[in-house]
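Residues per chain, in single letters:
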Amino acid sequence: MQLKCRFLPQNDGRCGWYEILPPPPVSTPLRGEVKADWVVLGAGLAGLAAARRLAELQPNAAIAIVDAKRVGFGAAGRNSGFMVDLPHDLNSHNYTGDQSADRKLIRLNRGAIAYMREIVQRHAIECDWRERGKLHGAVEARGLKALETFAKGLSVLGEPYRELSARDMQAITGTDFYRAGMHAPGAVTVQPAALVRGLGATLPANVRLYEESPVHKIDVGKPHTLVTNKGQLTSPRLVLANNAYAGQFSQLGFSGRLLPMYTYGSLTRPLSAQEQADLGGEESWGLIPADPMGTTVRRMRDGRICIRNVFTYNPCVSTSKSRLARVRSVHQRSFKRRFPMLPNVEMEYTWGGALCLTRNGGVPFGEIAPGVFSAVCQNGLGLTRGTIAGKLIAEYALGIESELLDIMLEQPKPAANPPEPFLGLGVRSTLAWKEWHAGKEL
Ligand SMILES: Cc1cc2nc3c(=O)[nH]c(=O)nc-3n(C[C@H](O)[C@H](O)[C@H](O)COP(=O)(O)OP(=O)(O)OC[C@H]3O[C@@H](n4cnc5c(N)ncnc54)[C@H](O)[C@@H]3O)c2cc1C
């Protein structure tokens with residue numbers, strides 16, 4: 001079976017998280033013919049976790065991991081940096097769903113946080129790792145309702161949270177924009193590009209990382225062969241961790257089941273001392289909108305503010321300059337609404353990044369063809385779900401049983417999508433409707 005990669009990772013704007021870091025050391029692209037015991041496609045959250053776990057479990061095996069770009073350049077380094085422990089269903093109006101399913105997802109998410117915490121501490125990865133939870137902020141009646149339902153859902157699950165008044169929210173964020181809020185203590189925040197780059201730099205010695213090596217073609221067989229412009233990698237076992245780009249592999253049953261989406265981030269320049277004083281509030285916090293279609297905001301200790309909003313349907317897994325320009329003005333508007341006391345602060349960086357969702361929140365986890373393992377599709381929660389999917393796919397492939405693996409294997413498989421053009425029309429109109437309803441939450 002031959003898989004063609006027609007849609008390759010693109011540049012998709014300038015990602016602030018990546019650009020404010022010092023330049024990375026020179027990369028090692030794939031050259032010539034390389035043989036390995038395992039090959040992992042995609043050095044994002046799932047791929048790096050899979051390669052690391054395989055290496056931990058099989059210290060004598062040769063493991064290769066390959067990415068089209070530098071580590072940290074893709075979605076893994078483009079996200080808002082929330083390692084979310086609680087349910088976070090982007091398709092629901094308040095993130096929660098079925099209680100027993102929610103409890104299991106919490107266990108998976110916490111398993112991911114525990115694994116990542118251990119790696120970050122052991123290797124002293126500098127990524128602004130903060131275990132201070134997340135805020136939820138509501139502005140409109142719909143947001144307030146969503147917050148209320150989320151709080152009820154957490155009470156039923158026995159999960160701790162603290163309700164916050166408009167005044168409490170202002171004391172933390174500096175703005176009187178939010179009418180109510182909540183603090184949920186279990187989330188961790190990170191500088192995503194710094195975390196992922198740190199993960200790439202501290203892989204075990206039996207992992208070879210090939211960057212800037214777009215894979216154009218995969219011959220699935222015995223062994224599998226991944227072909228790039230200047231080399232090829234052969235291995236009897238392949239782990240797919242290539243996010244929404246997997247949607248083009250129709251022979252593996254992904255087409256018609258994955259939803260390749262984009263969401264977008266912007267980072268301001270650092271606020272001056274005077275601007276920080278005008279804003280007030282705490283020096284660092286992270287806020288998720290009560291309405292999933294609203295705006296995520298983070299204030300960083302270096303004085304920058306990050307804004308994230310807008311979802312688009314991107315079957316070609318890339319975005320355009322004109323879309324990025326439109327998104328930038330949406331971000332600037334969202335910023336001005338929240339921070340009218342900072343009239344001269346512009347977005348310094350704006351970028352987009354790929355998400356892989358499914359209609360039912362299902363995941364194509366497991367062995368999907370002989371010797372081909374999938375850790376694809378994190379349903380928008382890659383920092384936790386990608387990490388645990390990568391770790392568990394390694395354990396699954398090596399026959400190591402655990403309770404978390406059972407939970408992963410119990411997750412529903414992705415539901416089939418309606419055919420195009422109905423799918424595109426349906427997704428785009430639903431997004432437009434939800435965005436309109438989000439009102440000022442955006
Ligand atoms: C703006 C934004 C904000 C977000 N905020 C959050 C958040 O706060 N918390 C959270 O948990 N998630 C968040 N996400 C989602 C999260 O980033 C993704 O779910 C996560 O990155 C997916 O992880 P992954 O390992 O599956 O894929 P990725 O991290 O995308 O890794 C896949 C890798 O595969 C590589 N690849 C693909 N095709 C090829 C090829 N042909 N050849 C070689 N390499 C290839 C890509 O270059 C990429 O590096 C956000 C995403 C965006 C864009």
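Our subject is the structure listed above.
Residues numbered from 1 in each chain as written. Predicted model: local features only at pLDDT ≥ 70, side-chain atom pairs only at ≥ 80, totals over all residues. Heavy atoms only, no water.

Chemist: Quick question: what am I supposed to make of the site of the ligand here?
Modeler: Near the ligand there are 35 residues, and of these Asp 67, Phe 82, Asn 243, Gln 378 and Leu 383 occur at the shortest range. Between the ligand and the protein, one listed contact pairs an oxygen atom with a backbone N or O atom of Ala 75 at 3.1 Å. Contacts to the ligand include Gly 382, whose backbone N or O atom sits 3.1 Å from an oxygen atom. When contributions to the shell around the ligand are tallied by element, the ones reaching two or more residues are helix 2 (45–57), strand 15 (259–268), strand 19 (347–357) and helix 9 (382–397). When residues of the shell around the ligand are assigned to their parent elements, the largest contribution, three residues, is made by strand 15. Residues of the shell around the ligand, tallied by class, amount to 18 nonpolar, 14 polar and three charged. (Near = heavy atom within 4 Å. Polar contact = N/O pair within 3.5 Å; in protein donor to acceptor, adjacent residues only side chain to side chain. Helix = DSSP H or I, 4+ residues; strand = E, 2+ residues; numbered from the N terminus. Nonpolar A, V, L, I, M, F, W, Y, C, P; charged D, E, K, R; others polar.)

Chemist: Teacher, can you tell me more about the nonpolar core here?
Modeler: Of all hydrophobic cores here, the largest spans 63 residues; its most connected members are Ile 65 and Trp 129. Take this core: its biggest share by element is eight residues, from helix 3 (residues 99–122). Ile 65 has contacts with Val 40, Gly 42, Ala 43, Gly 47, Leu 48, Ala 51, Leu 203, Val 207, Arg 208, Leu 209 and Tyr 210, leaving out every residue within four places of it along the chain. Ranked by size, the runner-up nonpolar core spans 39 residues in total, among them Leu 233, Val 310, Cys 377 and Leu 442. (Core = buried A, V, L, I, M, F, W, Y, C linked by side-chain atoms within 4.5 Å. Buried < 20%, exposed > 50% of the residue type's maximum accessible area, 1.4 Å probe, protein only. Contact = heavy atoms within 4.5 Å.)

Chemist: Explanation requested: the sheet that holds strand 13 (residues 231–235) in the structure shown.
Modeler: Each strand in a sheet pairs with another by means of backbone hydrogen bonds, the pair being arranged parallel or else antiparallel. Strand order in this open sheet of five strands is 1-11-12-13-2, and the pairing throughout is mixed. The sheet is open, and its two borders are formed by strand 1 (2–4) and strand 2 (32–35), each paired with just one other strand. On average, adjacent strands in this sheet sit at an angle of 15° to one another, irrespective of strand direction. (Pairing = 2+ DSSP bridges. Axes fitted to C-alpha atoms, helices over the stretch in contact; angles between N-to-C directions.)

Chemist: Can you help me understand the sheet that holds strand 3 (residues 38–41) in this one?
Modeler: Spatially, six strands are ordered 10-4-3-14-21-20 in an open sheet, and the strand pairing comes out mixed. Among the strands making up the open sheet, the edge pair consists of strand 10 (207–210) and strand 20 (366–369). With direction set aside, neighbouring strand axes in the sheet form an average angle of 25°. As defined by bridge partners, strand 3 adjoins strand 4 (residues 63–66) across four bridges and the pair is classed as parallel. Counted as the bridge partner of Leu 41 is Val 66 from strand 4.

Chemist: Any chance you could explain the side chain of Thr 319 here in plain terms?
Modeler: Residue position: Thr 319 is located in the loop between strand 18 (305–313) and helix 8 (321–338). Of note is the side chain of Thr 319, whose polar atom sits 3.4 Å from the side chain of Tyr 264.

Chemist: Mind showing me how you'd approach the environment of Asn 314 here?
Modeler: When you line up the elements, Asn 314 lands in the loop between strand 18 and helix 8. The class for Asn 314 is buried, based on a relative accessible area of 5%. Put simply, Asn 314 and Pro 260 are 54 residues apart on the chain and 5.6 Å apart in space, counted from C-alpha to C-alpha. Contact partners of Asn 314, with chain neighbours within four places excluded, come to Pro 260, Met 261, Tyr 262, Tyr 264 and Thr 319.

Chemist: I would appreciate a short explanation of the packing of aromatic side chains in the present structure.
Modeler: When we look at a pair of aromatic rings, we describe it by the centre distance and by the angle of the planes. A complete count under the given rule lists eight aromatic pairs for this structure. Seen from their ring centres, Tyr 18 and Phe 73 are 5.4 Å apart, and the 85° between their planes marks the pair as edge-to-face. With Tyr 18 in helix 1 (residues 16–19) and Phe 73 in the loop between strand 4 and strand 5 (82–83), this pair connects stretches of sequence that are 55 residues apart. Between Tyr 262 and Tyr 264 the ring centres are 6.2 Å apart and the planes differ by 45°, which places this aromatic pair in the tilted class. According to the relative accessible area criterion, Tyr 262 is buried, its value standing at 1%. Feature note: the residues Trp 38, Phe 365, Phe 373 and Tyr 396 constitute an aromatic cluster, connected by ring pairs. The positively charged end of Arg 78 is found above the aromatic ring belonging to Phe 73, 4.8 Å away from the centroid. Taking the ring centre of Tyr 18 as reference, the NZ or CZ of Arg 197 above it sits at 4.9 Å. (Phe/Tyr/Trp six-rings, centres within 6.5 Å; stacked < 30°, edge-to-face > 60°. Lys NZ or Arg CZ within 6 Å of the ring centre and 35° of its normal.)

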